[in-house]
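Residue strings, one per chain:
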Amino acid sequence: MTSPSSDAYVRLDAHPTHTSAVTATITGPQREPARAALTAHGFEALDDDTLVLARIDHEEPYWAEKAAQALTADGFTTEITPRLREAMEEEWTWANYPMRWCTRTEIREVSNEAQKIHDDIRHGRLIIHAHADDSGTTVAIGTYRDSGKSVYLHGENHLRQIADTFDSPAKALTAFERLHGHTMRPGPAPMTDTERAATQARTSLDPPAPEPQPPAQEPEIVPAYAADAGDHETLLHDFLNENGDWEKYRTWDDNTTIANHESLTLRALLDHDAEACDTKWTFAAYESPVSDRMWHMTIAAATPAPILNTLLTVIAAGDAWETAVGSPVIEKTVTAVTRPLTDAGWTHTVDGRWLRWQTAQDDAGVQFDAFAAQTPHSTLSTWTIWAGPNINHPAWAIHASAHTPASLLAHLAEELAHGTGTRRSSPPHTTHRTSRITATPPPAVPPTAPAAGPRR
């Protein structure tokens, strides 16, 4: 080990605008050795004095601490600021991490392998020939320049993995086209929001410029189902402020917030990054904190504010245990839920196993799936509430499982039939695309309190 040197001083700090990224500032006359050491640990130069560590797995504090230990061992004087030290010591968890059997160390190993793949693509070591959508998951095929080995990639960001290998690009592309020819596109997939944020962090310490806003328009009064979505984050904030029996948890994934009822029988998950028909909210209910899920409901990002307000009001006002239990669907339940629609003159049709109620203009509706109601453990939605061109290409949709409380659904139907809201502009033309989160996600674990995420 070399003796400590005052020729280079390294100060590690949290990035001013990126939640998890780390900056390294070098001072002193002999900076190149320190710069080389930092580069070996994943830092990239922003200018002559500053380097940035920005990853897609949000593990920058962990790897920055490893870098600091190596720098100190090599004789460099290293400082870690208090706020970065706090981030290094902070416990956190991924929301809805798909590999639930993994330990924290194993999760970090998986995400580090994904980081290596990302870096290989970004630096041109791994050439991506094509990508495709596989039921909402991005897949790709590519070849390493140095070895000539072709790889089949599955997933995005911290979940991207090498799922298969091939001896040649020709074999790889043939297999890829056979599996994904209907969604196959040339070249790499567009950058994810996470990749875009990491790129921004590596190139600037300033926040990104805000997008220009269209000129304000006078709002018009419209049916509740055609109203603007409003600010769902503000609705969640107000809901938590007004209901002390609910508590918010923030995971390390900045795009996700979880709220639990104090009974631990009701849980809400908000995806801050969801747009349009993507699932913005997921509600799950349990008979007890350790039971299987009783019912669940997903709400699209474009769902109008009056509809969501009604849902939150009913959930806040009802008894948590009774709301969590729900009850099986019977004919009387269907009648009670849809009575507001019938009273409002909505058209009622039967199409095999599906019963539908729609407006005279066919721009909103409620669908009941009798088959799904009899198979409550399937992934099918028993109830679908929607508005837009049609149920297959909606502007927004709510999906609910079989045991969803009838009173909750009836209040939503009442709001659909008689409620009003405001809209500042005509709704944009809606094109169908695969949601990043499916309408009926797999059963989740009961809502025990997760580890607190970063609160920086």
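**Student:** What should I look at first to understand the sheet that holds strand β7 (residues 137–144) in this one?
**Tutor:** With respect to topology, five strands assemble into an open sheet ordered β9-β8-β7-β6-β10, the strand pairing being antiparallel. Here the strands that pair on one side only, and so sit at the sheet edges, are β9 (161–166) and β10 (185–186). Summarising the sheet, strand β6 (residues 126–134) and β7 pair through eight bridges and their orientation is antiparallel. Each residue of the ladder has a partner; that of Asp134, found in β7, is Thr137.

**Student:** Is there a simple way to think about unusual backbone geometry in this case?
**Tutor:** Residues apart from glycine generally show negative phi values, whereas peptide bonds are mostly found in trans. The phi dihedral of Ser135 falls on the positive side, at around 55 degrees, and the residue is not glycine. Locating Ser135 in the fold gives a position in the loop between β6 and β7. Not every positive phi belongs to a glycine, and Asn157 is a case in point at roughly 50 degrees. Following the sequence through the fold, Asn157 ends up in the loop between β8 (150–154) and β9.

**Student:** Explain the packing of aromatic side chains to me, please; I cannot follow it from the model alone.
**Tutor:** Throughout the structure, instances matching the rule amount to six aromatic pairs. When the ring of Trp281 is compared with that of Phe283, the centres are 5.7 Å apart and the planes differ by 0 degrees; the resulting orientation is stacked. What makes Phe283 buried here is its relative accessible area of 3%. Over the ring of Tyr62 we find Arg108; its NZ or CZ atom is 3.8 Å from the centre of that ring.

**Student:** Looking at this structure, I do not really get the pattern of salt bridges. What am I missing?
**Tutor:** Proximity of charged atoms lets side chains of opposite charge pair with each other. On inspection of all chains with the given rule, the structure shows 20 salt bridges. Across the pair Asp119 and Arg122 runs a salt bridge whose closest N-O atoms are separated by 3.4 Å. Of this pair, Asp119 and Arg122 are both found in helix α4 (residues 104–122), three residues apart, which corresponds to roughly one turn of the helix. Residues Arg423 and Glu220 are paired through a salt bridge, measuring 3.3 Å at the closest nitrogen-oxygen approach. Placement of Arg423 in strand β22 (residues 420–423) and of Glu220 in strand β11 (residues 220–223) is noted, with a sequence separation of 203 residues between them. Judged by its relative accessible area of 15%, Arg423 falls in the buried class. Residue Glu220 is classed as partly exposed on the basis of its relative accessible area of 35%. Here the salt bridges share partners, and the residues they tie into one network are Arg11, Asp13, Glu79 and Arg83.

Cut-offs used in this document
Residues numbered from 1 in each chain as written. Predicted model: local features only at pLDDT ≥ 70, side-chain atom pairs only at ≥ 80, totals over all residues. Heavy atoms only, no water. Pairing = 2+ DSSP bridges. Helix = DSSP H or I, 4+ residues; strand = E, 2+ residues; numbered from the N terminus. Phe/Tyr/Trp six-rings, centres within 6.5 Å; stacked < 30°, edge-to-face > 60°. Buried < 20%, exposed > 50% of the residue type's maximum accessible area, 1.4 Å probe, protein only. Lys NZ or Arg CZ within 6 Å of the ring centre and 35° of its normal. Salt bridge = Lys/Arg side-chain N within 4 Å of Asp/Glu carboxyl O.

Everything listed is a geometric property; what it means functionally is a separate question.
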